[in-house]
Amino acid sequence: MNAAARTWREALISRVERRLPALTRLRQPEPLPIELHRRRIYILPTRSGLGFGVLLAVMLVGALNYQNNSALLLTCLLGATVINSMLSAFRALHGLQLTCIRAGHACVGDPLPLRLEFATPARARAALCLDMDHISHAFSLDARGSETTFPMPTEHRGWNRVPRMRISSTLPFGLFRAWSWITPEHDVLVYPRQLAGPPPPPDEDDGRQRAHGDEDYAQLREYHFGDPLKRVAWKASARHDRLLIRELDAAAHDAPQRFEWNMLHGLDRETRISRLAGWVHEAHAAGRAWTLVLPDARSLGPEADNAHYHRCMTALAVLP
Amino acid sequence: MNIAYAPAEQQALAAADERVATAPEMKGQLDRRAFDLLCLSVACVLAAHIAHLPPWLAAALSGLLLLRWLQRRTQRGAIPKLARIVLVVALPVAILTTYGTPFGRTPGSALAVGLLVLKLLESERARDARMAIGFCCFVLMSALLFTQSLLMTLLVALALLPALAALRALQPDAESRRYARAFAPGAWLLLAATPLTLLGFLFVPRLSTPLWGAPGADIAHTGVSDRMAPGDLRDLLMDGSVAMRVGFDGEPPPKAERYFRGVVLWYFDGRAWVPGTAGIRNGAPQPLQAHGPALGYDVTLEPTRRHWLFALDMPLDASGGVVLSADHTLRRDKPVNETITYHVDSVSHYVLAQDLDPRLRRAALELPEGFDSRAVALARSWRTKFGNNDAAIMRAALDLFRTGGFAYNLAAPPLGRDSIDDFLFDTKQGYCEHYASAFAFLMRAAGIPARVVAGYQGGFWSDYAHYLLVRQSDAHAWSEVWLQGHGWVRVDPTAVVRRVITAGDGAIGSGNGDQTGNWLDGLRDRLDIVNRLWDRGVLGFNALRQSELLAPFGIPHLDYGQLAIALAAGIVVILGIGMLMALRGPRIRPRDALEAAQLRLQEKLAKQGCLRAPHEGPRDFFARCMLALPHNRVELNALAEAYISLRYGHPAPPAEPVRNYSRAVRAFRVRSVVK
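Just so we're clear, the structure is a prediction, and the values are computed from it rather than from any experiment.

A tally of helices and strands in chain A yields 9 helices and 16 strands. Per-residue burial over chain A gives 37% buried out of 320 residues. Long-range contacts, defined as pairs at least 24 residues apart, comprise 64% of the intrachain contacts of chain A with a sequence gap of at least 6.

Here is the structure:
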């Protein structure tokens, strides 16, 4: 019943927006900063506001019928206060500026922390509400402007346009809702889903042996005074015209892992990406270095720091 | 994308989740603040109705409210369903057994208040709270059906504050605000609502006739009644409420002549006096010769639920749907259910009914058979003693009251079957109705036409506001006798009684105004000016006065359509002004004196086209200005140095240099290019 009502309502809204360009115009993405001015703030009574209106009407008829001027005065006072509260709701939004959006990082399915910075000229704004895709988020801003972090829902990896948001307020009595649609021209990057667990990254021993056997450059370092001679990699040193030292076994434990696109066979593309992302995540969490090799044979790393992690995740996220 | 703030993000997200969860709007659960305010609103409603609730119900509801409040302080959750069902069934049953009917003003309001308190028992969610608050407002208004006094209206309006604060507390940010500030938004909005309230009050079209039955059936009649038996007036004489207010066109009449006729009582059945039949009341007023000029005055009469009005002895003419009846009293076709104002002309010296109609003479001499034989015998003895001298018989009767050991006593002893005999010969204590009744009886028994008049006498004259305040305690009864050649003559036998016995309790004034009230009563009389303004300006503003609202502006009569147009136009104008105020550009409040001075300077420079960009620091800005205004280069450079050292050189800029800087900004003038 409720779901049916919701779909019916959404159909109605989309129909109205098709018919009324003034509403759809505001669906066009806008560059920041976005100021909520009077031409884009809408006000309608809430459900409880409508109920209160009916109540006021009953009170009015009663007072008039009983020719009770005190009651009429009270009804007028209450009615006028309710009408004033409409202006109050309008003032809660009027002049508010969305100045900056900063997105955090999240994988598909997790909420993405979206930091919205607002400028609030002259006065604090209380009890604001931000809606996006049926998620509501209440926040308040102080007089000097401030920010709020909104958990934005994410659906697919890669660049996502920040969806249309409704910023609204039912101040002060919840009888009227003032709202404004915001469609910022801003894209956020969503990392791919991370599939952890088996199958684990290709056998570590395998990789290490191969690294030893091939005397991979990654396993060699410059000779420092005091290094034992037996660990000098003579062949490689001869090739490079300087002394290179082969890394010890203890260091080999931290040897970079290789996560290659081509290691994963028999899986569809998205699962492959998710799996690679999962491996990257695990390696990063464990503090190990890794190398990521993408489908176009581009290889990232080996490194172990945050920047490398984000570089890898970004590369995976934007894969076609 | 290289910024790594993953842990901070997690925290921010967690915080956001928490905020979403605690927002009452989202979760729907009432927080403690909102519930406290809700309880306070309901308590206010209960207080507004407590005067007319049965004591047991008032006590039960207060207790229930308190218990519920305490219960929810310790743990959330509604009262068990079974208990609620029991209470919901018990309430109507109790009210039904108390009043016998659920309809009517008193049972209805008791039921409403009870239901409101019961609603609180199950109020756990924001939606319940909203419904309860709406209902609160409605039940608050119904308290005004009982009394419309200024004080009560003000109190009820104040009781809106907790209700509005409770609504405000349902907003998501309420928890963070201080308790005392919870009332501020509602208070401001109520104040700001004044213009719109007045507009609505003035222009909402009044109904000239009610849509459905007006209340009244269960309202106890107050004021002077048209049946006067011994003891009937007593409660009235103790009642300090206002009966009417009279404003005179000229000087007020002297104290001794402030008799307001209400109803003339013709028939005596041995116990009570009642008005004449329709045959006596109707018909043309008896001929009246006025001696002396007429005095015009306006009477603002509080609701009496009766048809008759009050006029100064003796009314000549009246206007505004008021009829002068045969015995020179005023009648209205509709009962006085609201405060009304009417204009009357009266004379104080007159001869009424030079010749008495035989039918009226018969009515004015009629006595019940078999009652009060001793009084009849006394009157007949006077007749034989004084012969045809009616005036002498009258004096004899008054002498009896003056010297016969009679006393004025509001707590008069009860009288038996022969009430006149008991009073005249045994108890000898009573107040106006005893004296008026006994005097008229004696006169009739002696063969002199006589009748009793009930109304008001006296009142408090306010020198400041120039009106006479008449209270219910000024209710009075006197007699009129018909004397050959003089017509009907007013005789007030109570006035001759010397001895006064006051009861220990606080009897308010007395019928003939002999007793002086204490200073509190005096103060009350003086403060009545406010009530008078309220009664005339607000309560007396009816359909008739509304239609004449714009008469000073050349529209003699407003019909419904014009009223609606005026109302709509006024709302548009007031809302337009409100909208403009809401739209007013946000003023940037400077943080300190230095910033204020800097903003002033920026304003001056902005007029020259040097607008500071949001991203621009002071050094860049001043440099740009110096390029744009080369003639002010030196001053601008000095200002820039001063500002930068003040703003960034100290944690808090020192006062004296800031003042200097501010002075320099004030002295700054843009020099135009000298050719």
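All names here are of chain A. The antiparallel open sheet is built from 4 strands, whose spatial order is E1-E3-E4-E7. Each edge of the sheet is formed by a strand with only one pairing partner; in this case those strands are strand E1 (34–35) and strand E7 (146–152). Here 6 bridges tie strand E3 (residues 97–103) to strand E4 (residues 112–119), and the two strands are oriented antiparallel to one another. Note that in E4 the partner of Ala-103 across the bridge is Leu-114.

All names here are of chain B. Within the secondary structure, Asn-637 is located in helix H24 (residues 633–649). On the basis of neighbour counts, which here come to 14 C-beta atoms within 10 Å, the residue Asn-637 falls in the partly exposed class. On a C-alpha basis, the gap between Asn-637 and Phe-622 in space is 7.3 Å, while along the polypeptide they are 15 residues apart.

The next subject is the nonpolar core. Core analysis: the biggest nonpolar cluster contains 119 residues, and A:Val280, B:Leu38, B:Val45, B:Cys136, B:Leu140 and B:Ala166 have the highest contact counts within it. Per element, the largest residue contribution to this core is 15 residues, and it comes from helix H4 (residues 69–93) of chain A. In contact with B:Cys136, other than residues within four places in its own chain, are B:Ser41, B:Val42, B:Val45, B:Leu116 and B:Ala163. Counting 84 residues, the second largest nonpolar core, distinct from the first, contains B:Val242, B:Val246, B:Tyr342 and B:Tyr431.

At a closest axis distance of 10 Å, the pairing of helix H3 (residues 47–65) of chain A and helix H7 (residues 126–142) of chain B adopts a crossing angle of 15°. Taken as axis vectors, H3(A) and H7(B) run roughly parallel relative to one another. The handedness of the crossing between H3(A) and H7(B) comes out as right-handed. Between H3(A), through A:Ser48, A:Gly51, A:Phe52, A:Leu55 and A:Met59, and H7(B), the contact on the second element is made entirely by B:Arg130, B:Gly134, B:Cys137, B:Phe138 and B:Met141. Of the residues contributing to the contact of H3(A) with H7(B), the split by class is 6 nonpolar, 3 polar and 1 charged.

With that out of the way, let us pick up unusual backbone geometry. Here the residue pair A:Leu171 and A:Pro172 is connected by a cis peptide bond, since its omega of -15° sits within 30 degrees of zero. With respect to the helices and strands, the residue A:Pro172 is situated in the loop between strand E9 (165–169) and strand E10 (176–182). Cis geometry marks the peptide bond from B:Asp313 to B:Met314; its omega dihedral reads 10°. Phi at B:Arg305 takes a positive value of approximately 65°, unusual for a residue other than glycine.

Time to look at the interface of chain B and chain A. If you look at the interface, chain B gives 65 residues, while chain A gives 61 residues. The element that contributes the greatest number of residues to the side of chain B that touches chain A is helix H1 (residues 6–22) of chain B, accounting for 8 residues.

Parts of the prediction with low pLDDT should not have their coordinates interpreted in detail. In this model, chain A carries an average pLDDT of 80, and 85% of its residues clear a pLDDT of 70 or more. The model gives residues 203–218 of chain A a pLDDT under 50, and that stretch makes 14 contacts with residues more than four places away or in other chains.

All names here are of chain B. The alternating pattern of strand E11 (residues 340–346) places Ile-340, Tyr-342, Val-344 and Ser-346 on a buried face, while none of Thr-341, His-343 and Asp-345, on the opposite face, is buried. Taken together, the 3 bridges between strand E8 (residues 315–318) and E11 define a ladder with antiparallel strand orientation. Bridge pairing in E11 links Asp-317 to Asp-345.

Reading the values: the criteria
- Residues numbered from 1 in each chain as written.
- Chains lettered and ligands numbered in written order.
- Predicted model: local features only at pLDDT ≥ 70, side-chain atom pairs only at ≥ 80, totals over all residues.
- Helix = DSSP H or I, 4+ residues; strand = E, 2+ residues; numbered from the N terminus.
- Buried ≥ 20, exposed ≤ 12 C-beta atoms within 10 Å, placed from the backbone.
- Contact = placed C-beta atoms within 7 Å.
- Pairing = 2+ DSSP bridges.
- Core = buried A, V, L, I, M, F, W, Y, C linked by C-beta atoms within 7 Å.
- Axes fitted to C-alpha atoms, helices over the stretch in contact; angles between N-to-C directions.
- Parallel < 35°, antiparallel > 145°, perpendicular 65-115°, else oblique.
- Left-handed = near helix turned anticlockwise from the far one by under 90°.
- Nonpolar A, V, L, I, M, F, W, Y, C, P; charged D, E, K, R; others polar.
- pLDDT = per-residue confidence, 0-100.

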